[in-house]
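Chain residues, written in single-letter form:
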Amino acid sequence: VQLVESGGGLVQAGGSLSVSCTASGRPFSTVVMAWFRQAPGKEREFVAGVNWNGGRTSYADSVKGRFTISRDNAKNTVYLQMNSLRPEDTAVYYCAQDIHNPVIVKTELEAYTYWGQGTQITVSL
């Protein structure tokens, strides 16, 4: 299984950015997909997740109303649209795949089997 993120970069506070993650190697439409992030010196944390058909999503409180997760099963891709970005959103963003259940979006790192390599997002003042 391979998860490849793309779309990271540098953006000013208040701006928007979209990242994507394309999966290969196993069926995509039967798994939960999620985004996590890790800032320097901090633990990796859950950002957003989506169930197998996109009908159920979950967000960390810190990003609710600003970030939107979506998926396109025909393209084996999950997206994260980030608006109103803040300097505290600066981190390496990882996509992850929970192969054990297609319905419930879990926030624990341990629930996710496969991870991407990460993409850096930096929000400047």
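Reference entry: report on the structure contained in this document. No experiment lies behind these values; they were computed from the predicted model shown.

1. Details of the pattern of salt bridges
Note that side chains of opposite charge can pair when their charged atoms are close.
No. 1: On inspection of all chains with the given rule, the structure shows four salt bridges.
No. 2: Here Arg37 makes a salt bridge to Asp89, at a shortest N to O gap of 2.9 Å. Residue Arg37 is found in strand 4 (residues 32-38), and its partner Asp89 is found in the loop between strand 8 (77-82) and strand 9 (91-98); the two are separated by 52 residues along the sequence.
No. 3: For Arg37, a relative accessible area of 6% corresponds to the buried category.
No. 4: The salt bridge partner of Arg66 is Asp89, with a shortest N-O separation of 2.7 Å. Pair noted here: Arg66 is in the loop between strand 6 (57-59) and strand 7 (67-72) and Asp89 is in the loop between strand 8 and strand 9, with a separation of 23 residues, a long-range link.

2. Side note on the nonpolar core
No. 1: Core analysis: the largest hydrophobic core is formed by 28 residues, its most contacted members being Trp35, Leu80, Met82 and Tyr93.
No. 2: Going through the elements one at a time, strand 3 (17-24), strand 4, strand 5 (45-50), strand 7, strand 8, strand 9 and strand 11 (119-124) are the ones with two or more residues in this core.
No. 3: If one sorts the elements of this core by residue count, strand 3 sits on top with four residues.
No. 4: With sequence-adjacent residues up to four places away left out, Met82 is seen in contact with Gly15, Ser16, Leu17, Val19, Arg66, Phe67, Tyr93 and Ile121.
No. 5: Core analysis: the second largest hydrophobic core is formed by eight residues, Phe46, Ala96, Val105 and Ala111 among them.

3. Some thoughts on the state of the cysteines
No. 1: Summed over the entire model, instances satisfying the criterion amount to one disulfide.
No. 2: Here Cys21 pairs with Cys95 through a disulfide, and the sulfurs are 2.0 Å apart. Here the S-S torsion is close to 45°, and the disulfide linking Cys21 with Cys95 is therefore right-handed. Pair noted here: Cys21 is in strand 3 and Cys95 is in strand 9, with a separation of 74 residues, a long-range link. Neither residue differs from the other here; Cys21 and Cys95 are each classed as buried.

4. Topic: the sheet that holds strand 7
No. 1: With respect to topology, four strands assemble into an open sheet ordered 1-3-8-7, the strand pairing being antiparallel. Across the chains shown, the open sheet's two edge strands, defined by having one partner strand only, are strand 1 (2-6) and strand 7. Across the sheet, the mean angle from the axis of one strand to that of its neighbour is 15°, orientation sign disregarded.

5. Re the packing of aromatic side chains
No. 1: For the structure shown, the criterion picks out four aromatic pairs.
No. 2: Measuring from ring centre to ring centre gives 6.3 Å for Tyr112 and Trp115, while their planes differ by 65°; the resulting arrangement is edge-to-face.
No. 3: For Tyr112, a relative accessible area of 5% translates into the label buried.
No. 4: An aromatic cluster is present here, built from Phe36, Phe46, Tyr112 and Trp115 joined pairwise through their rings.
No. 5: Here the basic side chain of Arg44 rests over the ring of Tyr94, its NZ or CZ set 3.7 Å away from the ring centre.
No. 6: Directly above the aromatic system of Trp115 lies the positively charged group of Arg44, at a separation of 5.0 Å from the ring centroid.

What counts and what doesn't
Residues numbered from 1 in each chain as written. Predicted model: local features only at pLDDT ≥ 70, side-chain atom pairs only at ≥ 80, totals over all residues. Heavy atoms only, no water. Salt bridge = Lys/Arg side-chain N within 4 Å of Asp/Glu carboxyl O. Helix = DSSP H or I, 4+ residues; strand = E, 2+ residues; numbered from the N terminus. Buried < 20%, exposed > 50% of the residue type's maximum accessible area, 1.4 Å probe, protein only. Core = buried A, V, L, I, M, F, W, Y, C linked by side-chain atoms within 4.5 Å. Contact = heavy atoms within 4.5 Å. Disulfide = S-S within 2.5 Å. Pairing = 2+ DSSP bridges. Axes fitted to C-alpha atoms, helices over the stretch in contact; angles between N-to-C directions. Phe/Tyr/Trp six-rings, centres within 6.5 Å; stacked < 30°, edge-to-face > 60°. Lys NZ or Arg CZ within 6 Å of the ring centre and 35° of its normal.

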